[in-house]
Amino acid sequence: MKCIYQNECGSCDCINMEYQATLDNKQRLMENLFGEDLTLPVRGMPFPFYYRYKVNYALGYDRDSKRIVCGKYSRGGHDLAGIDSCLIESRDCQKLVFFITELLPRLRIRVYDEDTGTGSLRYIFVRQSFSTGEMMLVLVSYNTDIPGKKHLIESIVSNFPNVKSIYLDINKRSDSMVLTPELKLLYGQRAIIDKVCGKTFRLSPLAFYQVNPAQMKKLYQTAIEFASLTGSEHIIDAYCGIGTIGIIASDKAASVTGIENNRDAVKDAIFNARTNGVKNARYICGDASELFLQKDLKADLVFMDPPRAGADRKFLRSLMALHPERIVYISCNPTTLSRDIRILSDEYRLKKVQPVDMFPFTDHIESVCLLDAKS
């Protein structure tokens, strides 16, 4: 399959390359950073297309025809490239987005025009459950309302019965952030449900959740395998988000303590633990760097899954003071991972690295690393 939008759209780096060639490039990158002897073969996808189950599209106007444009921003710029198909995003999500875009002129709903500061609708955000097919839609507006939204919602629900949740988000920001906390439920339920590794998770609009559910299963199975749990371990799940990895590991652990500084995510984690009947997990809203230094907090194993910027030095110093026997580090950025491992190398030895291709046809590569305490 070939993408006709590669030169205009900024979403993919190597969409028209042979897939195996992209995997080979990622393998070489990881081996150069961590060594051939420690880097396992990258785990790719049998069918590396239509894998993104969270998508967002920007809206605007063509400057010449004044027609509505729905698409992605160009690489390294702010020009909006109109597209009508994508090789890496869920087909269902795309159908919903393009249905809404075609409906807007008929309902006389105006999209936001950055040049004039008029109009309302800026983005369309869709999240889909891989296991149930349920969909969540967020209409992102510059203004406090979208004139005609009642008829828009009626048309969406009648044509897409798997849309279980519709939100309105008011976003006046001038940066690239799509969703803000200014969310208002317009229709249906507040969250959708997904299942992974035998566990059930509630997904709200702002919840962090891997966008590639098929590869997420491989990622978390690898993390559990690297942890070598016997049932006696006390686990800390740092950067726990909605509790995914800790809840999946809870069956094989004595206890799980999840730490997260996002209060809404902690609420979701507590709900998810209860939903799955997990009784050996607790969740704390706070800064892991400070909590690690509390005398009553102990851990045999720490799972950590930081953002692309990696962990800061304060976190890493506190982690070494806590001194768990093992660390399983899940990373979405090889460069910051390499930096953090160098800092931890005073106390920990890198044992192995498993790359997982979570984002086929992009330059991004996820990985799971096992580190053992030196003494």
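Details of the structure are given in the entry above.
Our subject in this report is the structure included herewith. (Residues numbered from 1 in each chain as written. Predicted model: local features only at pLDDT ≥ 70, side-chain atom pairs only at ≥ 80, totals over all residues. Heavy atoms only, no water.)

Here the focus is the packing of aromatic side chains. In total, this model carries 10 aromatic pairs according to the counting rule given. The structure contains a cluster of three or more aromatic residues connected by ring pairs, namely Tyr19, Phe47, Phe49, Tyr50 and Phe361. A cation over a ring is seen here: lysine 72 above tyrosine 57, with NZ or CZ 3.8 Å from the ring centre. (Phe/Tyr/Trp six-rings, centres within 6.5 Å; stacked < 30°, edge-to-face > 60°. Lys NZ or Arg CZ within 6 Å of the ring centre and 35° of its normal.)

Here the focus is unusual backbone geometry. The backbone of arginine 108 sits at a positive phi, close to 55°, despite the residue not being glycine. Looking at the element boundaries, arginine 108 is found in the loop between helix 2 (91-106) and strand 4 (121-128). Look at arginine 108 and you get exposed, because its relative accessible area is 75%. In this structure, histidine 323 takes a positive phi of about 55° despite not being glycine. The residue histidine 323 is located in the loop between helix 8 (313-322) and strand 14 (326-331) in this model. (Helix = DSSP H or I, 4+ residues; strand = E, 2+ residues; numbered from the N terminus. Buried < 20%, exposed > 50% of the residue type's maximum accessible area, 1.4 Å probe, protein only.)

Bringing helix 6 (residues 263-275) into the picture now. For helix 6, with 13 residues, the first-to-last C-alpha span of 18 Å sits near the 18 Å given by 1.5 Å per residue. Looking at helix 6, one finds that the buried residues are Ala265, Val266, Asp268, Ala269, Asn272 and Ala273. Across the axial projection of helix 6, the buried residues extend over an arc of 160°, all falling on one side. Exposed positions of helix 6 whose direction lies more than 90 degrees from the buried face are Arg263, Asp264, Lys267 and Arg274. On the buried face of helix 6, the contacting elements are strand 9 (199-203), helix 5 (244-249), strand 11 (255-260) and strand 12 (281-285). Where helix 6 begins, the side chain of asparagine 262 points an oxygen toward the backbone nitrogen of aspartate 264, at a separation of 3.0 Å. Phi turns positive, to about 70°, at glycine 277, one or two residues after helix 6. (Expected span 1.5 Å × (residues − 1). Arc of directions from axis to C-beta. Contact = heavy atoms within 4.5 Å. Polar contact = N/O pair within 3.5 Å; in protein donor to acceptor, adjacent residues only side chain to side chain.)

A side chain of one charge can pair with a side chain of the opposite charge when the charged atoms of the two come close. Per the counting criterion, the structure on display carries 11 salt bridges. Residue aspartate 357 is joined to lysine 26 by a salt bridge in which the shortest nitrogen-to-oxygen separation is 2.6 Å. A residue pair is termed long-range when its members are at least 10 positions apart, and aspartate 357 in the loop between strand 15 (348-356) and strand 16 (366-373) and lysine 26 in helix 1 (residues 19-34) qualify at 331 residues. When its relative accessible area of 0% is taken as the criterion, aspartate 357 is described as buried. (Salt bridge = Lys/Arg side-chain N within 4 Å of Asp/Glu carboxyl O.)

Turning to the state of the cysteines, a few remarks are in order. Tallied over the full model, the rule gives zero disulfides. Free cysteine: cysteine 14, not disulfide-bonded; nearest cysteine sulfur from cysteine 12 at 7.8 Å. The class of cysteine 14 is buried, set by a relative accessible area of 8%. Free of any disulfide, cysteine 332 has its nearest neighbouring cysteine sulfur in cysteine 369, separated by 12 Å. We classify cysteine 332 as buried; its relative accessible area is 15%. (Disulfide = S-S within 2.5 Å.)

Now for the sheet that holds strand 10 (residues 234-238). Taking strand neighbours across the sheet as the criterion, the seven strands line up as 12-11-10-13-14-16-15 in an open arrangement whose pairing is mixed. Because the sheet does not close on itself, it has two edges, and the strands there are strand 12 and strand 15. Put simply, the sheet's adjacent strands are angled 15° from each other on average, direction ignored. Direction of pairing for strand 10 relative to strand 13 (residues 301-304): parallel, over a ladder of four bridges. Bridge assignment links isoleucine 236 to a residue of strand 13, and that residue is valine 302. In the packing of helix 8 onto the sheet, the strands contacted are strand 10, strand 13, strand 14 and strand 15, and the crossing angle to strand 13 comes to about 160°. Packing against the sheet, helix 9 (residues 334-344) makes contact with strand 14, strand 15 and strand 16, and its axis sits at approximately 160° to strand 14. (Pairing = 2+ DSSP bridges. Axes fitted to C-alpha atoms, helices over the stretch in contact; angles between N-to-C directions.)

Here the focus is the environment of arginine 274. Turning to its location among the elements, arginine 274 is positioned in helix 6. Assessed through its relative accessible area of 68%, arginine 274 is described here as exposed. A sequence separation of 93 residues divides arginine 274 from serine 367, and the C-alpha atoms of the two residues are 29 Å apart.

Our focus in this paragraph is helix 3 (residues 149-159). For helix 3, every residue scored as buried is listed here: Leu152, Ile153 and Ile156. The arc enclosing the buried residues of helix 3, seen along the axis, measures out at 95°, which places them on a common side. Facing away from the buried side of helix 3 by over 90 degrees, the exposed positions are Lys150 and Ser158. Each element contacted by the buried residues of helix 3 is listed here: helix 2, strand 5 (135-141), strand 6 (163-170) and strand 7 (183-188).

Before going further, it helps to spend a moment on the side chain of serine 165. In this structure, serine 165 sits in strand 6. Looking at serine 165, its side chain comes within polar contact range of the main-chain oxygen of glutamine 189, at 2.7 Å. Apart from residues lying up to four places away in sequence, serine 165 is in contact with Met135, Met136, Leu137, Leu185, Tyr187, Gln189 and Arg190.

Nonpolar side chains in soluble globular proteins tend to end up buried together. By size, the foremost hydrophobic cluster in this structure holds 123 residues, and its most contacted members are Phe292 and Phe303. Broken down by element, this core gets its largest block of residues, eight residues, from helix 2. (Core = buried A, V, L, I, M, F, W, Y, C linked by side-chain atoms within 4.5 Å.)

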